[in-house]
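Read off the chains here:
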Amino acid sequence: MERSSRDLSTTAIVPTFNRAPLVAECLKAILGQSLPPAQIIVVDDGSEDHTAETLRRFESRIEVIKMPNRGKSAGVNLALSRASHPLIWIVDDDDIVLPEALAILTGLIRSEPDAGFAYGRYHRFAVDEESRDRRIFDTGYWRRCSPGDFLTATLEDMFVHQPGMLVWRDCYDRAGPYDESLPRSQDYDMLIRLARITRPVSTEAAVFLQRQHEGDRGPASQRFGADERMSRWMEADRTILQRCYAELELSEYLPDGHCKNPQHQRQALLQRGTIMARKKLWNLALQDFEAASDLGGAMLSEAEDRILKRAVLSKYGCDELFQDQRISQSIIGLGKRSETGRQIARALSRGLMRRTKEQLRAARPLKAGRYAGLTLSWMLGSPRTIRSTTSPNHGSGVP
């Protein structure tokens, strides 16, 4: 299906499983768009609640695909094969798109014909169980970045979500189908693949509300509660990023995609190492930091310094630094390899300073003190004893 400046029509896709009340609210929001989608496909992934009955209330305005429970990826892949329009808008069944969402995203696509997809901001919300009042709060993790930096920003942490994206169908065709082997973070995996083949256009305007709730998640065979969300996401992210480490060219970690000299190679290594550190893959991160240290060269650039500070600022926290002292030992050891290694360790320590300040603002003086101790160790190149709270190799990947 070729792009055309005259055809900016959209197929909206809603995969759902056992969320009858939520999918009804989701569909009402899609149907209430100021610019309505030309086609709405709902994939009922083997629901066992009242989803079928709920969808019948919308049957004249939506197309329903029923399938045995195989998970979100399988459902989206099936819906993509039935999509009739050149733009695709995938909306999670528990989220609510704002009335101008599709108009805003379509306008972005119209303004940047070379962009492969458009994206916008979101707000999180929760519904009070007693009053049923909706409470809207902050966006959560969000990155402002140029189109050229979008891939590395996304590799560091996902901040763009499907209900806030409008994607050309041919980009999905080029990226390949959603990975049905991934139990979680399938949308993150796809976003990385899209970012590798095309550049986006974006807005700071909010286009949807992301629901925060305690309901179960995952396909029928792998359901889990809200208390497991973080650990499940981290596990899936690690799987995806290990694959990226093996498959992506080093040049893809640079904004312009060109690795022309040792200085570029060093920055790419530092960027990849920072990404792996944020995903708790410290064995891979330390390999890259050591390789960058051995390259030497001029003083770290401002860009390299900023990259390294982010290595310890993952949205998942960095408690593994207390749990595995070998990470700190390796970072301190960078200073003994070269002057560049010493600069790398100091830049990493400046990221820990921010963690220390965050803990102080949150009135956690004990944890702030532990971060401050690590900061001094990395900056001065001498170890300080940090009491381990769990098993020494928990989550770090350091052998």
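Residues numbered from 1 in each chain as written. Predicted model: local features only at pLDDT ≥ 70, side-chain atom pairs only at ≥ 80, totals over all residues. Heavy atoms only, no water.

**Points about the overall build of the chain**
Right, so step 1: Helix and strand counts for the chain stand at 15 helices and 9 strands.
Right, so step 2: Computed over C-alpha atoms, the radius of gyration of the chain comes to 23 Å, within 12% of the 21 Å expected from 2.2 N^0.38 for 399 residues, which places it in the range of a compact globule.
Right, so step 3: Judged by the C-alpha coordinates and their principal axes, the chain covers about 70 × 50 × 35 Å.
Right, so step 4: Here the chain holds 399 residues, and the buried ones make up 54% of them.
Right, so step 5: Considering only residue pairs separated by 6 or more positions, the chain has 73% of its internal contacts joining residues 24 or more positions apart.
Right, so step 6: Carbon and sulfur atoms make up 49% of the accessible area of the chain, which amounts to about 17800 Å² in all.
Right, so step 7: Positive and negative charge centroids in the chain, built from 57 and 53 side chains respectively, lie 5 Å apart. (Helix = DSSP H or I, 4+ residues; strand = E, 2+ residues; numbered from the N terminus. Rg over C-alpha atoms; globule rule 2.2 N^0.38 Å. Buried < 20%, exposed > 50% of the residue type's maximum accessible area, 1.4 Å probe, protein only. Contact = heavy atoms within 4.5 Å. Areas by Shrake-Rupley, 256 points an atom, 1.4 Å probe, with all protein chains shown as cover. Lys, Arg positive; Asp, Glu negative; His and termini not counted. Charge placed at Lys NZ, Arg CZ, Asp CG, Glu CD.)

**Side note on the pairing of strand β8 (residues 165–168)**
Right, so step 1: Judged by which residues are buried, β8 turns out to be covered on both faces: Met165 and Val167 on one side and Leu166 and Trp168 on the other are all buried.
Right, so step 2: As defined by bridge partners, strand β4 (residues 87–90) adjoins β8 across 2 bridges and the pair is classed as antiparallel. Paired with Leu87 across the two strands is Trp168, which belongs to β8.
Right, so step 3: In terms of strand pairing, strand β6 (residues 117–127) meets β8 through 3 bridges, oriented antiparallel. Directly across from Tyr119, in β8, lies its bridge partner Met165. (Pairing = 2+ DSSP bridges.)

**Topic: unusual backbone geometry**
Right, so step 1: You will see that Lys280, though not glycine, has its phi angle at about 70 degrees, which is positive.
Right, so step 2: Residue placement: Lys280 occurs in the loop between α9 (262–278) and α10 (282–295).
Right, so step 3: A positive phi angle, near 60 degrees, is found at Ala363, a position not held by glycine.
Right, so step 4: Relative to the elements of secondary structure, Ala363 occurs in the loop between α14 (339–361) and α15 (365–380).
Right, so step 5: For Ala363, a relative accessible area of 60% gives the class exposed.

**So, the packing of aromatic side chains**
Right, so step 1: Here the structure, examined in full by the defined rule, presents 12 aromatic pairs.
Right, so step 2: Both rings, one in Phe117 and one in Phe150, keep their centres 5.6 Å apart while their planes meet at 65 degrees; by these two values the pair is edge-to-face. A residue pair is termed long-range when its members are at least 10 positions apart, and Phe117 in strand β6 and Phe150 in helix α5 (residues 150–156) qualify at 33 residues. No difference in accessibility class separates Phe117 from Phe150, as the two residues are buried. (Phe/Tyr/Trp six-rings, centres within 6.5 Å; stacked < 30°, edge-to-face > 60°.)

**Side note on the packing of α10 against α14**
Right, so step 1: Where α10 meets α14, the closest approach of the two axes is 7 Å, and the angle between their N-to-C directions is 135 degrees. Classed by the angle they form, the pair α10 and α14 counts as oblique. Taken together, the residues of α14 that come into contact with α10 (itself represented by Phe289, Ala292 and Ser293) are Thr340, Gly341, Ile344 and Leu348.
Right, so step 2: The residue inventory of the contact of α10 with α14, partitioned by class, reads 4 nonpolar, 3 polar and no charged. (Axes fitted to C-alpha atoms, helices over the stretch in contact; angles between N-to-C directions. Parallel < 35°, antiparallel > 145°, perpendicular 65-115°, else oblique. Nonpolar A, V, L, I, M, F, W, Y, C, P; charged D, E, K, R; others polar.)

**Details of a negative patch on the surface**
Right, so step 1: A contiguous patch of negative charge, built from Asp128, Glu129, Glu130 and Asp133, is present on the exposed surface.
Right, so step 2: In this fold, Asp133 is placed in the loop between β6 and β7 (134–136). (Patch = residues over 30% accessible without salt bridge, like charges linked within 9 Å, V, L, I, M, F, W, Y side chains within 5 Å. Salt bridge = Lys/Arg side-chain N within 4 Å of Asp/Glu carboxyl O.)

**Quick notes on the pattern of salt bridges**
Right, so step 1: Inspection of the entire model under this criterion finds 31 salt bridges.
Right, so step 2: One salt bridge in this structure joins Arg121 and Glu204, with 2.6 Å as the shortest N-O distance. Of this pair, Arg121 sits in strand β6 while Glu204 sits in strand β9 (residues 200–211), placing them 83 residues apart in sequence.
Right, so step 3: According to the relative accessible area criterion, Arg121 is buried, its value standing at 17%.

**A look at the environment of Met165**
Right, so step 1: Here Met165 lies in strand β8.
Right, so step 2: In sequence terms Met165 and Arg144 are 21 residues apart; their C-alpha atoms lie 15 Å from each other.
Right, so step 3: In contact with Met165, not counting residues within four places along its chain, are Ile88, Trp89, Leu105, Phe117, Ala118, Tyr119, Val160, Leu191 and Leu194.

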